[in-house]
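These are the residues of each chain, in order.
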Amino acid sequence: VGPSPASITKMATILVPLAWSLHTADNELRKKLVPTASHTVEELRDAYGQALGTRQGGKHLRVFRVGVTMLQGINDSPHHAAQIAELLAPL
């Protein structure tokens with residue numbers, strides 16, 4: 001499930017805004033929620049950062065949307081939100 005860092009980097013040339021569906025910034029919890037995940041959230045974040053950094057064109061092409069699926073009692077605490085904010089801060 002989900003893209004690889006290589007496929008994200010290739011998306012830099014596609015003329016549409018990028019989006020990431022994220023469940024958690026905690027790789028261990030992510031592996032439980034998405035057992036087929038094969039890349040860390042840091043690897044994916046860095047690939048999105050690289051893709052955004054190399055994009056040519058208007059400001060609208062550097063828009064990046066992150067959707068977070070929050071599950072009650074699993075990844076909906078203030079601690080989880082802070083982890084996501086920290087993960088995304090470099091972008």
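The rules behind these values
- Residues numbered from 1 in each chain as written.
- Predicted model: local features only at pLDDT ≥ 70, side-chain atom pairs only at ≥ 80, totals over all residues.
- Heavy atoms only, no water.
- Helix = DSSP H or I, 4+ residues; strand = E, 2+ residues; numbered from the N terminus.
- Rg over C-alpha atoms; globule rule 2.2 N^0.38 Å.
- Buried < 20%, exposed > 50% of the residue type's maximum accessible area, 1.4 Å probe, protein only.
- Contact = heavy atoms within 4.5 Å.
- Expected span 1.5 Å × (residues − 1).
- Arc of directions from axis to C-beta.
- Salt bridge = Lys/Arg side-chain N within 4 Å of Asp/Glu carboxyl O.
- Core = buried A, V, L, I, M, F, W, Y, C linked by side-chain atoms within 4.5 Å.

**Comments concerning the overall build of the protein**
Assigned secondary structure in the protein consists of four helices and two strands. Listed by position from the N terminus, the elements making up the protein come as α-β-α-α-β-α. Taking 2.2 N^0.38 as the reference for a compact globule, 91 residues should give roughly 12 Å; the C-alpha atoms of the protein span a radius of gyration of 13 Å, in line with that estimate. Summarising its shape, the C-alpha atoms of the protein cover approximately 40 × 25 × 20 Å along the three principal directions. Counting every position in the protein, which comprises 91 residues, the buried fraction comes to 27%. When contacts within the protein are restricted to residue pairs at least 6 apart in sequence, long-range pairs at least 24 apart make up 72% of them.

**Examining helix α3 (residues 41–54)**
Within an α-helix, residues lying three or four positions from one another point in the same direction, as the helix has 3.6 residues per turn. The terminal C-alpha atoms of α3 lie 20 Å apart, and with 14 residues this matches the ideal 20 Å at 1.5 Å per residue to within 8%. Those residues of α3 not exposed but buried are Val41, Leu44, Arg45, Ala47, Tyr48, Ala51 and Leu52. Projection of α3 onto a plane perpendicular to its axis shows the buried side chains occupying an angular sector of 160 degrees, all on one side. On its buried face, α3 sits against α1 (5–10), β1 (18–22), α2 (27–33), β2 (64–68) and α4 (78–88).

**Some details on the side chain of His80**
Among the structural elements, His80 can be located in helix α4. A relative accessible area of 15% means that His80 is categorised as buried. Not counting residues within four places of it along the chain, the set of residues in contact with His80 comprises Thr24, Leu29, Ile74 and Asn75.

**Some words on the pattern of salt bridges**
Opposite charge on two side chains lets them pair, provided their charged atoms get close. One pass over the structure, following the stated rule, counts one salt bridge. When the shortest N-O distance is used, the salt bridge between Arg45 and Asp46 registers 2.9 Å. Residue classification places Arg45 among the buried residues on the basis of a relative accessible area of 13%. Residue class for Asp46 comes out partly exposed when judged on its relative accessible area of 44%.

**Digging into the nonpolar core**
Within the largest apolar cluster, 15 residues are counted, with the highest numbers of intra-cluster contacts made by Ile8, Leu18, Trp20, Leu22, Tyr48, Phe64 and Leu87. Among the elements of the structure, β1, α3 and α4 are those that each provide at least two residues to this core. For this core, the element with the most residues is α3, which contributes six residues. What Leu22 contacts, discounting residues up to four positions off in sequence, is Val41, Val66, Gly67, Val68, Thr69, Ile84 and Leu87.

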